[in-house]
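This is what each chain is made of:
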Amino acid sequence: PMAGYFEPHEVKEIITPLGVHAAAFRDADGQTIVLASCDVLFVTDTTANRIRRDVERTHGIPSQQILIAATHNHTGPATAELFDAKPSPEYMNQFHAGVLKAVDAAIEALEPAALRFGSAQESRIVINRRLIMKDGTTHTHVTAEDMADVAAREGVADPELRVLVVENSQGKPI
C-alpha cells in the first residue's frame, strides 16, 4: 500500500525508482556523523532507532550522530500505519536493508572534503498550508468549499532555500 492518501492506494506501476541517499562526515578528531534521506512519507521513531542501533553496532557511530530523514514522498510505500495504509513487512525489511546499504556505502566513500553553504530566496512556490478556521481549529487540507471558513494562515512562509555542497579535494561536488 502507498502512503500519503486518505483512502487506500495500491502500487500499479513504478515510474521513478525510490531510494536512499546517505552521506557520512568525519572531523579531524575522528567523530563521524551520518545523514540518510529516504524517499518515503515519514520514518517512525521505532524504524529510525532500529536503523541507528544497527549502524552503531556495525560502525561504532553513536546513535545520536545518525540522522534518518524522509523526503515526505506522498506516492511511496507505507512505512507506518496511517489512515487505511499498513506497511508491508517485506517492504519494511527491504527498506531497512536499503538504508543500511546506503549508510555502509557512504562510510566506505569517506574522503577529505570541504562543506560550502549557500542560500537564496524563492517566494513563488512556498506557502504556509496551516489554516486557522473561523471556529478556531487548524487544518492543513481543505477543499475549495472550505475556503469560506478560513480566518487566516497560521504564521508565515519561509522563502529561504538553503543549500549544502560537499566538495572533494579537487573542488568537485561529491
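Here the structure is a predicted model, which is why all the values come from computation and not from measurement.

A. Summary view of the pattern of salt bridges. In the structure shown here, the tally under the stated rule is six salt bridges. For E167, the salt bridge is made with R116, and the minimal N-O distance between the two is 3.1 Å. Placement of E167 in strand 8 (residues 160-168) and of R116 in strand 4 (residues 113-121) is noted, with a sequence separation of 51 residues between them. Judged by relative accessible area, E167 falls into the buried class, the value being 17%. For E154, the salt bridge is made with R130, and the minimal N-O distance between the two is 2.5 Å. Remark: R130 occurs in the loop between strand 4 and strand 5 (131-133) and E154 occurs in the loop between strand 7 (150-153) and strand 8; sequence separation between them is 24 residues. Each of D158, E160 and R162 takes part in a single network of salt bridges with overlapping partners.

B. Just the nonpolar core, in detail. Membership of the largest hydrophobic core comes to 20 residues, with the highest contact counts inside it found for V34, I51, V55, I68, F95, V99 and V103. Of all elements in the fold, only strand 2 (32-38), helix 1 (45-59), strand 3 (66-70) and helix 2 (89-108) reach the threshold of two or more residues within this core. Ranked by residue count, the leading element in this core is helix 2, at eight residues. Setting aside residues no more than four positions away along its own chain, V99 makes contact with V20, A36, C38, I51 and I68.

C. Main features of the side chain of D39. You can see D39 is positioned in the loop between strand 2 and helix 1. Look at D39: it is buried, it has no salt bridge, and the nearest opposite charge is K101 at 15 Å. Within the structure, D39 has its side chain in polar contact with the backbone nitrogen of G19 (distance 3.0 Å). Setting aside chain neighbours within four positions, we find D39 in contact with L18, G19, T71 and N73.

D. Structural context of a nonpolar patch on the surface. On the surface, a cluster of nonpolar side chains totalling about 230 Å² of accessible area is made up of I33, L35 and L67. Inspection of the secondary structure puts I33 in strand 2.

E. Quick look at the sheet that holds strand 7. Strand order in this open sheet of three strands is 6-5-7, and the pairing throughout is antiparallel. The sheet terminates laterally at strand 6 (138-139) and strand 7, the two strands that pair on one side only.

F. Here's a closer look at the side chain of R52. Summarising the element assignment, R52 is placed in helix 1. At 2.8 Å, the side chain of R52 forms a polar contact with the side chain of N49.

What counts, and where the lines are drawn
Residues numbered from 1 in each chain as written. Predicted model: local features only at pLDDT ≥ 70, side-chain atom pairs only at ≥ 80, totals over all residues. Heavy atoms only, no water. Salt bridge = Lys/Arg side-chain N within 4 Å of Asp/Glu carboxyl O. Helix = DSSP H or I, 4+ residues; strand = E, 2+ residues; numbered from the N terminus. Buried < 20%, exposed > 50% of the residue type's maximum accessible area, 1.4 Å probe, protein only. Core = buried A, V, L, I, M, F, W, Y, C linked by side-chain atoms within 4.5 Å. Contact = heavy atoms within 4.5 Å. Lys, Arg positive; Asp, Glu negative; His and termini not counted. Polar contact = N/O pair within 3.5 Å; in protein donor to acceptor, adjacent residues only side chain to side chain. Patch = residues over 30% accessible without salt bridge, like charges linked within 9 Å, V, L, I, M, F, W, Y side chains within 5 Å. Areas by Shrake-Rupley, 256 points an atom, 1.4 Å probe, with all protein chains shown as cover. Pairing = 2+ DSSP bridges.

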